[in-house]
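Structure assessment
One-letter residues, chain by chain:
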Amino acid sequence: VFHNEAWSTLLRTVYSVINRSPHHLLSEVILVDDASERDFLKAALENYVKNLEVPVKIIRMEQRSGLIRARLRGAAASKGQVITFLDAHCECTLGWLEPLLARIKEDRKTVVCPIIDVISDDTFEYMAGSDMTYGGFNWKLNFRWYPVPQREMDRRKGDRTLPVRTPTMAGGLFSIDRNYFEEIGTYDAGMDIWGGENLEMSFRIWQCGGSLEIVTCSHVGHVFRKATPYTFPGGTGHVINKNNRRLAEVWMDEFKDFFYIISPGVVKVDYGDVSVRKALRENLKCKPFSWYLENIYPDSQIPRRYYSLGEIRNVETNQCLDNMGRKENEKVGIFNCHGMGGNQVFSYTADKEIRTDDLCLDVSRLNGPVIMLKCHHMRGNQLWEYDAEKLTLRHVNSNQCLDEPSEEDKMVPTMKDCSESRSQQWLLRNMTLGA
Ligand SMILES: *[C@@H]1O[C@H](CO)[C@@H](O)[C@H](O)[C@H]1NC(C)=O
């Protein structure tokens, strides 16, 4: 799919597909024009592609429709046994296609992605990507790359030529058996433009009996832009919130609260009718999201079991713990409660960690501050005991309790010897939506 793509990047994509794929494996190239305005993408492009060695079909959307609907149109027109989706600013490398197709031949319910190499948007030079990252997401439902966890390295017995099972895909580049694409419900046509469709598809594939893999022997380069160059009819934020709501409502069960509590504004966004997608989930007898978290993405920042999700409020001052938008290795803060989610959302998990996204509250010094560190799940300095009667948060290793800030720094709560004082009482609550 292209929208006002530059001639050079578009043709670089097409040529690399044609020149670097065995022709008996390539039935056609389909370009879907999502209502581009640039002149050279009209007749000039049509005339140009007529002379290429492989049939190149151009489909034009009548109006700006976005990636999702344009891809659906292209897929419907395609004839090959496998559909490979690419962005319009890619470069396929030698040997990119065969390992993808081989994996689908082995198991038609496997959806496969190449390693995505980086093409600089400055110099257009090609830089190899890593086989040591895979796809995940955070509480805001942002797709993110994370290091491939040890459990997945162990499963592959250290053989880095074997495909990596990935919880989510970036979305731009993948191959899928054409009939399987139909069977599992293509894309959610109720989503607008772009955003969230990659997570929707990832959850759906895993929950409905398929699998999603990065085939490490296949490399495709992609031009990454610092900001999206496209206009979004309806506004970027609104479109992405709507799409994310649709995927949360259909696929995430009660875990959608993690998303809603951190972004309470999202709850006001109208997400349309999802009954068709829910019926699809029903018909395919898809597994619950808890199964996905347990089996496919145990490393998720969304804990499978948790005691509370929301603000942590001090009884005496009525202030709330706040990560202040700070990063790893910095102190957790405290601030007036605002009830707007975001930086004041913490989860207290069944493993007795207090988490803000993937950071855990950690104490390493008596009478010291509380530091936010990457959760290590080894208990140690990240183990907290909440006493629901005394309302205290006791740090197990130091046997001290979380207390109000000391005189020196009014914005940073500190650890003190446990007492019965109200300054050591905290309310942990499941935040209720729309309340
Ligand atoms: C919050 O919700 C979780 C999951 O539904 C439940 O297990 C827990 O007891 C609740 N905690 C509080 C403090 O209400």
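Thresholds, definitions, all that
Residues numbered from 1 in each chain as written. Predicted model: local features only at pLDDT ≥ 70, side-chain atom pairs only at ≥ 80, totals over all residues. Heavy atoms only, no water. Helix = DSSP H or I, 4+ residues; strand = E, 2+ residues; numbered from the N terminus. Rg over C-alpha atoms; globule rule 2.2 N^0.38 Å. Contact = heavy atoms within 4.5 Å. Core = buried A, V, L, I, M, F, W, Y, C linked by side-chain atoms within 4.5 Å. Buried < 20%, exposed > 50% of the residue type's maximum accessible area, 1.4 Å probe, protein only. Pairing = 2+ DSSP bridges. Axes fitted to C-alpha atoms, helices over the stretch in contact; angles between N-to-C directions. Salt bridge = Lys/Arg side-chain N within 4 Å of Asp/Glu carboxyl O. Near = heavy atom within 4 Å. Polar contact = N/O pair within 3.5 Å; in protein donor to acceptor, adjacent residues only side chain to side chain. Areas by Shrake-Rupley, 256 points an atom, 1.4 Å probe, with all protein chains shown as cover. Nonpolar A, V, L, I, M, F, W, Y, C, P; charged D, E, K, R; others polar. Patch = residues over 30% accessible without salt bridge, like charges linked within 9 Å, V, L, I, M, F, W, Y side chains within 5 Å. UniProt positions renumbered as here; feature names shortened; annotations may be inferred. Phe/Tyr/Trp six-rings, centres within 6.5 Å; stacked < 30°, edge-to-face > 60°. 1 Å grid on protein atoms, 1.4 Å probe; cavity = no way out; pocket = protein on both sides within 12 Å on 5 of 7 lines; lining within 4 Å. Points joined across faces, edges and corners; volume = space filled by probe spheres on them.

So, about the overall build of the protein. Looking only at helices and strands, the protein features 11 helices and 24 strands. Taken over the C-alpha trace, the protein has a radius of gyration of 25 Å; the compact-globule value for 435 residues is 22 Å, and the two agree within 12%. Expressed along its principal axes, the backbone C-alpha trace of the protein runs to roughly 80 × 50 × 45 Å. In the protein, the proportion of contacts linking residues at least 24 apart, taken out of those at least 6 apart, comes to 69%.

This part covers the nonpolar core. Among the nonpolar cores identified, the biggest contains 56 residues, and F137, F174, I176, F181, F203 and Y292 are the most heavily contacted of them. If we skip the residues at most four places from it in the chain, F203 touches F137, T168, L247, W251, M252, F289 and Y292.

Taken in spatial order, the four strands line up as 20-21-22-23 in an open sheet, and their pairing is antiparallel. Strand pairing shows two members of the sheet lacking a second neighbour, strand 20 (384-387) and strand 23 (413-417), which therefore form its edges. The mean inter-strand angle of the sheet, taken between neighbouring strand axes irrespective of direction, is 40°. Sheet topology places strand 21 (residues 392-395) next to strand 22 (residues 400-405); two bridges connect them, and they run antiparallel. By the bridge assignment, H395 is partnered in strand 22 with Q400.

This model, assessed by the stated rule, comprises 34 salt bridges. Notably, a salt bridge pairs E294 with R304, separated by 4.0 Å at the nearest N-O pair. Here E294 is found in helix 11 (residues 289-295), whereas its partner R304 is found in the loop between helix 11 and strand 12 (306-310), with 10 residues between them in sequence. With relative accessibility at 36%, the residue R304 sits in the partly exposed group. A single salt-bridge network, built from bridges that share partners, covers D33, K42, E46 and R60.

Around the ligand, the neighbouring residues are Y306, Y307, L428 and N430. Measuring from a nitrogen atom of the ligand, one finds a backbone N or O atom of Y307 at 2.5 Å. In this structure, N430 approaches the ligand through a side-chain N or O atom, which is 2.4 Å from an oxygen atom. Protein contacts shield 50% of the accessible area of the ligand, which totals 360 Å² for the unbound molecule. Grouping the constituent residues of the shell around the ligand by class yields three nonpolar, one polar and no charged.

Now for the environment of G368. Along the chain, the position of G368 falls in the loop between strand 18 (359-362) and strand 19 (371-374). Separated by 234 residues in sequence, G368 and Y134 place their C-alpha atoms 36 Å apart. Apart from the residues lying within four places of it in its own chain, the contact partners of G368 are T414 and M415.

All right, on to a nonpolar patch on the surface then. A cluster of nonpolar residues, V118, M127 and F224, forms a patch on the protein surface that exposes about 220 Å² of accessible area. Relative to the helices and strands, F224 resides in the loop between strand 11 (211-223) and helix 8 (236-251).

The next point concerns the UniProt feature "domain: Ricin B lectin" (unreviewed entry) in the protein. In the numbering used here, UniProt assigns the "domain: Ricin B lectin" (unreviewed entry) feature to residues 306-429. Between the C-alpha atoms that bound residues 306-429 the distance is 11 Å, and the span itself is 0% helix and 43% strand.

This part takes up the packing of aromatic side chains. The full count for this structure, using the stated rule, is 21 aromatic pairs. Geometrically, the ring pair formed by W139 and F258 is edge-to-face, given 5.2 Å between the ring centres and 70° between the ring planes. Of this pair, W139 sits in the loop between strand 7 (133-137) and strand 8 (143-147) while F258 sits in helix 9 (residues 256-262), and the two are 119 residues apart along the sequence. For the pair W139 and F258, a shared accessibility class is recorded, and that class is buried. The interplanar angle of 70° and the centroid separation of 6.3 Å between the aromatic rings of Y348 and Y386 together place this pair among those described as edge-to-face. Of this pair, Y348 sits in strand 16 (residues 346-349) while Y386 sits in strand 20, placing them 38 residues apart in sequence. Each member of the pair Y348 and Y386 is classed as buried.

Before going further, it helps to spend a moment on the layout of surface pockets. When its volume is computed, the largest pocket comes out at roughly 1,400 Å³. Contributing elements (two or more residues each) for the lining of the largest pocket: helix 3 (66-77), strand 8, helix 7 (197-207), strand 11 and helix 8. A breakdown of the residues in the lining of the largest pocket according to their chemical character gives 22 nonpolar, 16 polar and nine charged. L26, E28, V82, I83 and T84 are, among the 35 residues lining the second largest pocket, the residues nearest its centre.

Let us now look at unusual backbone geometry. Most peptide bonds take the trans form, and the phi angle of most residues other than glycine is negative. In the Ramachandran plot, L141 falls in the positive-phi region, its phi being about 60° despite a non-glycine side chain. Phi angles above zero are rare outside glycine, and D253 is one such case at about 50°. Along the chain, the position of D253 falls in the loop between helix 8 and helix 9. The class of D253 is partly exposed, set by a relative accessible area of 23%.

If you walk across this open sheet you meet the five strands as 12-16-17-18-19, and the pairing is antiparallel. Since the sheet does not close on itself, it has two edges, and those belong to strand 12 and strand 19, each with one partner. With direction set aside, neighbouring strand axes in the sheet form an average angle of 30°. One ladder, built from two bridges, connects strand 16 with strand 17 (residues 354-356); its direction is antiparallel. In the strand pairing of strand 17, Y348 is matched with I354.

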